[in-house]
Amino acid sequence: MSVKKDDHEPIRTDALLEKKSSRRTFLKGLSIGAAAGSAALTAGCIGSVEAATPEELKLRWQEFFKKNYRLMSQEEKDGTVARLERLAKMRDNIDLQMGSYPPLDGVLYGYAFNITRCEGFMECVTACVKENNLDRKTNTQYIRIFEMEPGKLDPSTGDGRYYHEVPVENKFYMGTQCFHCEKAPCTKACPTRATWKEPDGIVVVDYDWCIGCRYCQAACPYYGRRFNWGKPEIPRDEITVRQHYLGNRIRPKGKMEKCTFCIQRTRKGRLPACVEACPTGARVFGNLLDPESEIRYVLKHKKVFRMKEELGTDPKFWYFID
Amino acid sequence: MTKQLYSALFLLLCITLISDSGAASEKSVLDEINAAEDRFDSRAVPLFKQVTDERVLAHEEYQGGPFWVLARKSQIERYKCSSCHTDKSMTAQQGRELTHGNVILEHGDEGQGLLCIDCHHPQERDFLEDKKGRKIDFDHSYQLCGQCHFRQKRDWLGGAHGKRALNWAGERTVYNCTTCHDPHSPRFKKRFPATYSVELD
């Protein structure tokens, strides 16, 4: 029989059906078919099955049939994190420290951006790219800084691709990223419930449930979401190994991704990478439910506005002036 | 007939009530924020990294509580100043090396900019001096800067100017004025941005 001698040869089902088969040959054909099927399932973006060890195949199989993150128990979350760490070790020999830590109680993250202070140095952008393991090949960036004419407050009127010495006289700079809307339109658009708002206000994506349809990208009025057209390429020594399942772990090809307020940092009390990198102190981050936080001071004492507030998306990202 | 009319009216009333309550539940995040008045103990948040830079307790208060500022003296190249500024005589050769020829003063309006002793203590060189004649430590230079830049200082105390070090939670540690600004020429220099952006897909 043709299927007997080579596993990689495509199985001709019509030939199998025509052949009068005994129970033994039938079962044999079935098992080979199942193996081929599982190969098709797991091969998607990871690589060929031939090179995979039995352990890797097993892990990939379990990964493929895991639940949506929100339906997992903490045990199951720990399980998938351990599998992803092991797979990264086996495939690329990288020691990841991935976490799945939950939101903090009594915390709702908010962000404020001082358009008087930002001078367009874009150090936030490079810090973000590095922290979040963004694809260097296509130059994916979550943050965009626009050079704006005075009096204009809509970034679509600004220049988002400037490259000259900054700051330029009589211009101001305005940054955009995911605004983590309370009534996020992107989460409603997702057909697989792969994106949602966490209790601490961060809009996240379960990259393993995302099917890459990009409906969310179309639904976002702020251009906050990015799509992976290819396998992300990151220099080995620049990979951030401290990762979160919903955060900066390396996204596979064909998945949506976005700013997560650096969930891997902020849930451990640390500032997002952009805030830490800002050389002019134009970025303020903190807990909106803490009356003593800096972000609350800004909301109370400064002139603030939100972009496209009239859409009713209720973003948790304010612009303010000194 | 009247019974039907009444039931129709009742139905209409129910619908209005339901839609009203629906509208009331459409609360903005601002309502939630303004309703949150309880103290949040951000020091209870487990941190994976503590501020390791040298810091001092500020001589000011933030929203009724103490806070830290990043220390400066350890960052000043030639501190302690009094190790050179003594009564001892020196040769002209030494003088050329030891004077502050590298300092470019661009602070204040053009033509009437500040001079060294506008901020530095004229006698005790290890200190600054404000316009009231008070001696000010280099680690607490915000006390000096704030006498002119009082708006910035107010914002800095509140958290709208400057920035926190490392963590949004935990004990509040903020950057000092001179951590970011060169006091001799405080405006940020023009330079090329760190990267560039490409067109979105």
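Calculation criteria
- Sequence order as written defines residue numbering, which begins from 1 separately in each chain.
- As they are written, the chains are lettered A onward and the ligands numbered 1 onward, keeping that order.
- In view of the model being predicted, local features appear only for residues whose pLDDT reaches at least 70, and side-chain atom pairs are presented and counted only at 80 or more, with totals across whole chains, interfaces and linings using the full set of residues.
- Here a helix means four or more residues in a row that DSSP labels H or I, a strand means two or more in a row labelled E, and each is numbered from the N terminus.
- For every residue, the predictor assigns a confidence score, pLDDT, that lies between 0 and 100.
- This entry defines residue contacts through backbone-placed C-beta atoms, with two residues in contact when those atoms are within 7 Å.
- We treat two strands as partners when DSSP finds at least two bridges between them.
- Under this grouping Gly is polar, as are all residues other than the nonpolar Ala, Val, Leu, Ile, Met, Phe, Trp, Tyr, Cys and Pro and the charged Asp, Glu, Lys and Arg.

1. Looking at the overall build of chain B
- In terms of helices and strands, chain B carries 7 helices and 5 strands.
- Listing each helix as α and each strand as β along chain B from the N terminus yields α-α-β-β-α-α-β-β-α-α-β-α.

2. A word on the confidence of the model for chain A
Residue and element names in this part refer to chain A.
- For chain A, the average pLDDT comes to 88, and 84% of its residues sit at 70 or higher.
- Taken together, the stretch residues 1–19 has pLDDT below 50 and engages in 13 contacts with residues farther than four places along the chain or on a different chain.
- Below pLDDT 50 for its whole length, residues 35–46 participates in 16 contacts with residues either more than four positions away or in separate chains.

3. Topic: the sheet that holds strand 5 (residues 173–174) of chain B
- A sheet is described by the order of its strands in space; here 3 strands give the open sequence 1-2-5 (chain B), paired in mixed fashion. The sheet terminates laterally at strand 1 (55–57) and strand 5 of chain B, the two strands that pair on one side only.

4. Side note on the environment of glycine 133 of chain B
- Tracing the backbone shows glycine 133 of chain B in the loop between strand 3 (128–129) and strand 4 (135–136).
- In the structure, glycine 133 of chain B is positioned 65 residues away from valine 198 of chain B in sequence and 54 Å away in space, judged by C-alpha atoms.

5. Thoughts on the environment of lysine 308 of chain A
- The residue lysine 308 of chain A is located in the loop between strand 11 (303–305) and strand 12 (317–321) in this model.
- Placed 59 residues apart in sequence, lysine 308 of chain A and arginine 249 of chain A show a C-alpha to C-alpha distance of 31 Å.

6. Focus on the interface of chain B and chain A
- Taken together, the 40 residues of chain B in the interface contact 48 residues of chain A.
- Sorting the residues of the side of chain B that touches chain A by element identifies helix 2 (29–35) and helix 6 (150–158) of chain B as the ones contributing at least two each.
- Split into classes, the residues belonging to the side of chain B that touches chain A amount to 20 nonpolar, 11 polar and 9 charged.

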